[in-house]
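Notes for the structure review
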Amino acid sequence: MAGKSPQRGRAPQRGRATVRRSTDRGLSNAGKKSPAKGLGGEQVEGRQAVRELLIAQRRKVQEIWIASDIDASDIIEDIVQLAEASRVPVNDVSRRVLEDQARSEAPQGVLAFAASLPEANFESLLVANGSRKPFLVAVDGVTDPGNFGALLRCCEGAGVTGVVVPRHRAVHVTPTVAKSAAGAIEYVPMSLVAGLPGAITQMRDKGVWVVGLDDSSDRPLFDIANLADEAICLVLGAEGSGISRLVRERCDMVVSIPMMGQLGSLNVSAAAALATYEVARVRAVSHP
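Residues numbered from 1 in each chain as written. Predicted model: local features only at pLDDT ≥ 70, side-chain atom pairs only at ≥ 80, totals over all residues. Heavy atoms only, no water.

A closer look at unusual backbone geometry
What you tend to see is this: most non-glycine residues have negative phi, and most peptide bonds are trans. In this structure, Gln-57 is a non-glycine residue whose phi angle is positive, near 50 degrees. Structurally, the position occupied by Gln-57 is in the loop between helix 1 (47-56) and strand 3 (61-67). Phi at Arg-169 is positive, roughly 55 degrees, even though this residue is not glycine. Tracing the backbone shows Arg-169 in the loop between strand 7 (162-166) and helix 6 (175-181). The exposure class of Arg-169 is exposed, given its relative accessible area of 74%. (Helix = DSSP H or I, 4+ residues; strand = E, 2+ residues; numbered from the N terminus. Buried < 20%, exposed > 50% of the residue type's maximum accessible area, 1.4 Å probe, protein only.)

So this is what it looks like as structure tokens:
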């Protein structure tokens, strides 16, 4: 997917931006806080993810680190100017220090420390916003951070109105998730629930159709077209194990993605892309 233009949301130019210098020993303790028990997201890595963090202005950003040997580029200039406009300290640190702090494989020489992501109220996700009916995605047993981040990016692009995440036995927003999501975590409301089976029951009680994706189903993905224009939640499980038995039993419908080649399944982020855009396609036709 093509990235968004680096010009969006840029602060006014006032000559070349400069990074406030700091010795490695003089850095704050922003990166040493104990992990939160909620959604997470306190450490954001990668150029696009940090840039979107600053543009969204959804939560407080305490500090940004940029590697001292980083090559000049439009997006780095953008990050520095956006940070300056929001009075966020930007520290020039050695590559070694930055990569020691990083938790993703390739932080791209940039990381930020911010307040944790706010949790969306689960019940509020089940209510229509004007004429916009709920379009939710729930994840069941998804523990791979790269896949979860890519899934969130798909959800943001397809217009998903909320993502439902189990509080236990599921990955939350780690630095790898934030980087893979490329900024989507700043825009997609996410709610933590105690258990997915119970959450599904609540959704159904509120008139939300719940559709599970599972390779073993004989019904094709395209059958969701009949429900796509209604309040709907797509439930996706991890590749291999799929959705759990209890979750499957509580879904209104279970569908599978037709596989025309030799492989038997797609990873959860690819499945999310196909399923969410099938809903988006139907809704676009119904409400151009």
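So, the sheet that holds strand 8 (residues 190-193)
Pairing in this open sheet of six strands is parallel, and the strands run 8-7-6-10-9-11 from one edge to the other. Strands at the two margins of the open sheet, each flanked by one partner only, are strand 8 and strand 11 (253-255). The mean angle between the axes of side-by-side strands here comes to 25 degrees, regardless of whether they run parallel or antiparallel. Bridging between strand 9 (residues 209-213) and strand 11 involves three bridges; their strand directions are parallel. When the bridges of strand 11 are listed, Val-211 appears paired with Met-253. Together, strand 6 (135-140), strand 7 and strand 8 form the strand contacts of helix 5 (residues 145-158), whose direction differs from that of strand 6 by roughly 170 degrees. The sheet strands contacting helix 9 (residues 268-286) are strand 6, strand 9 and strand 10 (232-237), and the helix crosses strand 10 at an angle near 165 degrees. (Pairing = 2+ DSSP bridges. Axes fitted to C-alpha atoms, helices over the stretch in contact; angles between N-to-C directions. Contact = heavy atoms within 4.5 Å.)

Concerning the packing of helix 1 against helix 2 (residues 74-85)
To describe two helices that pack against each other, one gives the angle between their axes and the distance between the axes. Relative orientation of the contacting elements helix 1 and helix 2 amounts to 30 degrees, with a least axis distance of 10 Å. As summarised for this structure, helix 1 and helix 2 are arranged roughly parallel, according to the angle between their axes. Read as a crossing pair, helix 1 and helix 2 show a hand that is left-handed. On helix 2, the residues touching Arg-47, Gln-48, Val-50, Arg-51, Leu-54 and Ile-55 of helix 1 are Ile-75, Ile-76, Asp-78, Ile-79, Leu-82 and Ala-83. Partitioning the contact of helix 1 with helix 2 into residue classes produces eight nonpolar, one polar and three charged. (Parallel < 35°, antiparallel > 145°, perpendicular 65-115°, else oblique. Left-handed = near helix turned anticlockwise from the far one by under 90°. Nonpolar A, V, L, I, M, F, W, Y, C, P; charged D, E, K, R; others polar.)

Here's the deal with the packing of helix 5 against helix 9
At a minimum axis distance of 8 Å, the contact between helix 5 and helix 9 shows a crossing angle of 10 degrees. As the angle between them shows, helix 5 and helix 9 are arranged roughly parallel. Mapping the contact onto sequence places Asn-147, Ala-150, Leu-151, Cys-154, Gly-157 and Ala-158 in helix 5 and Val-268, Ser-269, Ala-272, Ala-273, Thr-276, Tyr-277 and Ala-280 in helix 9. Class assignment for the residues of the contact of helix 5 with helix 9 results in nine nonpolar, four polar and no charged.

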